[in-house]
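# A structural walkthrough
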Amino acid sequence: MKILDTKFVRGFVKMADDGFKQGWHERNGGNLSYRLKPSEVEEIRPRLNDHADWAPIGTSVPGLAGEFFLITGSGKYFRNIAVDPEACLAIIELDDKGENYRIRWGLVEGGRPTSELPAHMMNHEVKKRVTNGRHRVIYHAHTTNIIALTFVLPLKDEIFTRELWESATECPVVFPDGVGVVPWMVPGGREIAVATSRLMEKYDVAIWAHHGMFCSGEDFDLTFGLMHTVEKSAEILLKVLAVTPVKRQTITPENFREVAKGFHISLPERFLYEKKNPGGIE
Ligand code: 13P
Ligand code: ZN
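Residues numbered from 1 in each chain as written. Chains lettered and ligands numbered in written order. Predicted model: local features only at pLDDT ≥ 70, side-chain atom pairs only at ≥ 80, totals over all residues. Heavy atoms only, no water.

### Comments concerning the coordination of the zinc ion (ligand 2)
H140 (NE2), H142 (NE2) and H211 (NE2) make up the full set of protein donors to the zinc ion (ligand 2), lying at 2.1 Å. All donors of the zinc ion (ligand 2) come from a single chain, and their spacing in sequence reads H-x1-H-x68-H. Highlighted residues: H140 in strand β6 (residues 137–141) and H211 in the loop between β8 (205–208) and β9 (212–217), separated in sequence by 71 residues. Here H140 and H211 have matching classes, each one buried. (Donors = N, O, S within 2.8 Å, 3.2 Å for Na, K, Ca; no water. Helix = DSSP H or I, 4+ residues; strand = E, 2+ residues; numbered from the N terminus. Buried < 20%, exposed > 50% of the residue type's maximum accessible area, 1.4 Å probe, protein only.)

### Quick word on the site of ligand 1
Around ligand 1, a shell composed of N28, G29, G30, N31, S74, G75, T114, S115, E116, H140, H142 and H211 is seen. Take E116: an N or O atom from its side chain is 2.5 Å from an oxygen atom of ligand 1. The separation between an oxygen atom of ligand 1 and a polar side-chain atom of H140 is 3.4 Å. In the complex, 92% of the free accessible area of ligand 1, which totals 310 Å², lies under the protein chains. (Near = heavy atom within 4 Å. Polar contact = N/O pair within 3.5 Å; in protein donor to acceptor, adjacent residues only side chain to side chain. Areas by Shrake-Rupley, 256 points an atom, 1.4 Å probe, with all protein chains shown as cover.)

### Points about the packing of aromatic side chains
Summed over all chains, the structure comprises 9 aromatic pairs. When the centroid spacing of 6.4 Å and the interplanar angle of 50° are considered together, the rings of W24 and Y139 count as tilted. Here Y139 lies in strand β6 and W24 lies in the loop between α1 (7–21) and β1 (31–35), a separation of 115 residues in the sequence. Accessibility expressed as a relative area gives 2% for W24, which makes it buried. Accessibility expressed as a relative area gives 0% for Y139, which makes it buried. An angle of 50° between the planes, with centres 4.7 Å apart, marks the rings of W208 and F214 as tilted. Overall, W208 belongs to the buried group, its relative accessible area being 1%. Members of the aromatic cluster, joined through ring pairs, are F8, F12, Y34 and F220. In this structure, R162 packs its charged tip against the face of Y273, placed 4.9 Å from the ring centre. (Phe/Tyr/Trp six-rings, centres within 6.5 Å; stacked < 30°, edge-to-face > 60°. Lys NZ or Arg CZ within 6 Å of the ring centre and 35° of its normal.)

### Looking at unusual backbone geometry
The phi dihedral of R27 is positive, around 45°, even though this residue is not glycine. Looking at where R27 falls in the secondary structure, it is placed in the loop between α1 and β1. The backbone phi angle of N132 is positive, close to 55°, even though this residue is not glycine. By the element assignment, N132 lies in the loop between α5 (117–130) and β6. On the basis of relative accessible area, N132 is assigned to the exposed category, the value being 74%.

### Description of the pattern of salt bridges
Taken as a whole and judged by the stated rule, the model has 19 salt bridges. The partner of E67 in a salt bridge is R35, with the nearest N and O atoms 3.3 Å apart. Taken together, the residues E67 in the loop between β2 (55–56) and β3 (68–72) and R35 in strand β1 connect sequence positions 32 residues apart. Residue classification places E67 among the buried residues on the basis of a relative accessible area of 13%. Overall, R35 belongs to the buried group, its relative accessible area being 3%. One salt bridge in this structure joins E201 and R129, with 2.7 Å as the shortest N-O distance. On the criterion of sequence distance, the pair formed by E201 in the loop between α9 (190–200) and β8 and R129 in helix α5 is long-range, its members being 72 residues apart. (Salt bridge = Lys/Arg side-chain N within 4 Å of Asp/Glu carboxyl O.)

### Regarding the side chain of H142
Mapping H142 onto the fold places it in the loop between β6 and α6 (144–149). There is a polar contact of 3.3 Å between the side chain of H142 and the side chain of H140. Ignoring sequence-local partners within four residues, the contact set of H142 consists of G23, W24, E26, G29, G30, I147, H211 and G212. (Contact = heavy atoms within 4.5 Å.)

### Things to note about the packing of α1 against helix α10 (residues 220–243)
Helix-helix packing is characterised by the crossing angle of the two axes and by the distance between the axes. Between α1 and α10, the shortest axis-to-axis distance is 10 Å and the interhelical angle comes to 15°. Put simply, α1 runs roughly parallel to α10. In this structure, α1 crosses over α10, and the sense of that crossing is right-handed. Only F220, T223 and F224 of α10 make contact with α1, whose side of the interface consists of F8, G11, F12, M15, D18 and G19. (Axes fitted to C-alpha atoms, helices over the stretch in contact; angles between N-to-C directions. Parallel < 35°, antiparallel > 145°, perpendicular 65-115°, else oblique. Left-handed = near helix turned anticlockwise from the far one by under 90°.)

This is how it looks when you write it as structure tokens:
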């Protein structure tokens, strides 16, 4: 089957384009990766090339040895992905140690996978393990409102989770495990990848202070929907905070416990703390 006609490539390209239309991908901002199913690899195997050299991933991910990924190229613009996917995207294969990769398709005008390859691979490795292989998508976007919030709220998992939950009733249903926050760090390296993948052990969302967000999910719809929900909640919160530092009324810890019962989910009590100032942040 032609690689561009496969369902997973079409789903990937649509998601990238949807993200661009949301305004989350200025210039080359953001990156996206998808771990292929064995049946998808077999479907395209005759059309893969094997002339590229192996190159270091920049970290070690033995749990992903031999896996194939569809991934955005470094410096490529999301606004061009739908127009020219073969120039913007690559399918890469990892070696049997999970230390090197080689390009098997795409990046036809040259280039290499995203500079956040270590973060993508380390997040995939954690999520493959903790979800029994269900999660396949890792998405990084420069979401405007979440970035703005990282200048305003204390950089604590509990406070970000609680404030985002309070800003739209369905949020605790969409991300019941909460969100994690990485303090400002240099992007593109192994250090920020390690910090992010630690958070991915317990959350599906990691916020990078003054930079953006990483989300993990089973498929393109769920991962995009998660990013969209968190970002919209941040937008509501910023609108409220722009009007007043104190909310006149809000969703209370007791209300969250009722939501948990009604939706048969469990919401960790550490996010349902009593505030010193009930309409405020802390
Ligand atoms: P890449 O173009 O290398 O993917 O980098 C974009 C980015 O958002 C880095 O955090
Ligand atoms: Zn970025």
